Each structure stands twice: as structure tokens, then as C-alpha cells.
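Here's the letter readout for the chains.
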Amino acid sequence: MAHPVVLRNLIEEYETLEVLRAENGSAEVRRRMDDLAYTLCVSTGTCDVDAALIAARHRLPGARPEDDSVVTA
């Protein structure tokens with residue numbers, strides 16, 4: 001499992017790129033998101049970016065067991 005600081009940086013970059021993708025959707029943004037998704041999955045031992053984001057958030061200082069436990073549509 002990656003260090004919490006590394007995980008925080010990965011999460012922040014991924015979330016920033018999600019906003020950019022929504023605004024412009026360039027191929028470059030999508031490629032970087034794919035790279036980050038892969039890195040998050042490897043770093044957390046998961047195979048899905050949503051699960052990786054949840055696992056990464058649980059490793060951050062101050063995380064509570066109920067954080068991200070309910071997914072809303």
C-alpha cells in the first residue's frame with residue numbers, strides 16, 4: 001500500500017482531471033486519468049478505480065470506517 005501522502009496526491013489529481021474531462025474531454029486528460037486509475041488500483045490492491053478511490057481514502061489520516069461506505073447514484 002502506498003504512503004498516505006502519495007495516495008492523497010493521486011486522489012487529488014484524479015478528481016481534478018474528472019472536472020477537466022467534464023469540461024473539455026481531451027484525449028490527453030483521458031490518458032492521464034487512465035494512468036492515474038491504474039496507479040491507484042495497483043497502489044491499493046484493487047481492480048476498479050471506484051474501489052481504489054475508496055480504499056485510498058480509507059488510508060488517509062482522519063478517515064473513518066463509514067467514509068465512502070455508501071455510494072449514491
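Residues numbered from 1 in each chain as written. Predicted model: local features only at pLDDT ≥ 70, side-chain atom pairs only at ≥ 80, totals over all residues. Heavy atoms only, no water.

**Quick look at the packing of helix α2 (residues 27–44) against helix α3 (residues 49–58)**
The condition that has to hold: Every axis corresponds to a line fitted to the C-alpha atoms, with the helix fit spanning only the stretch in contact, and the corresponding angles, defined between N-to-C directions, vary from 0 to 180 degrees. For helices the rule is a DSSP run of H or I covering at least 4 residues; for strands it is a run of E covering at least 2, with both sets numbered from the N terminus onward. Should an angle fall under 35 degrees it is taken as roughly parallel, and over 145 as roughly antiparallel, whereas 65 to 115 is taken as roughly perpendicular and any remaining angle as oblique. Should the near helix be turned counterclockwise from the far one by less than a right angle, the crossing is left-handed, whereas a clockwise turn marks it as right-handed. In what follows, a contact means two residues having at least one pair of non-hydrogen atoms within 4.5 Å.
Running from amino to carboxyl end, α2 crosses α3 at an angle of 55°, the nearest separation of the two axes being 9 Å. By the criterion of interaxial angle, the relationship of α2 to α3 is oblique. α3 is crossed by α2, and the crossing has left-handed handedness. Where α2 approaches α3, its residues Ala37, Leu40, Cys41 and Thr44 are matched on the opposing element by Val49, Ala52, Leu53, Ala55 and Ala56.

**Here we look at the side chain of threonine 44**
Using the following cut-off: Here a polar contact is recorded for every N or O atom pair within 3.5 Å, except that within protein the pair must consist of a potential hydrogen donor and a potential acceptor, and residues adjacent in sequence are included only if both atoms are side-chain atoms.
Counting through the fold element by element, threonine 44 comes out in helix α2. Within polar-contact distance, the side chain of threonine 44 engages the backbone oxygen of leucine 40 at 2.7 Å. Among the polar contacts made by the side chain of threonine 44, one reaches the side chain of threonine 46 at a distance of 2.9 Å.

Any functional reading would require information that these geometric values do not contain.
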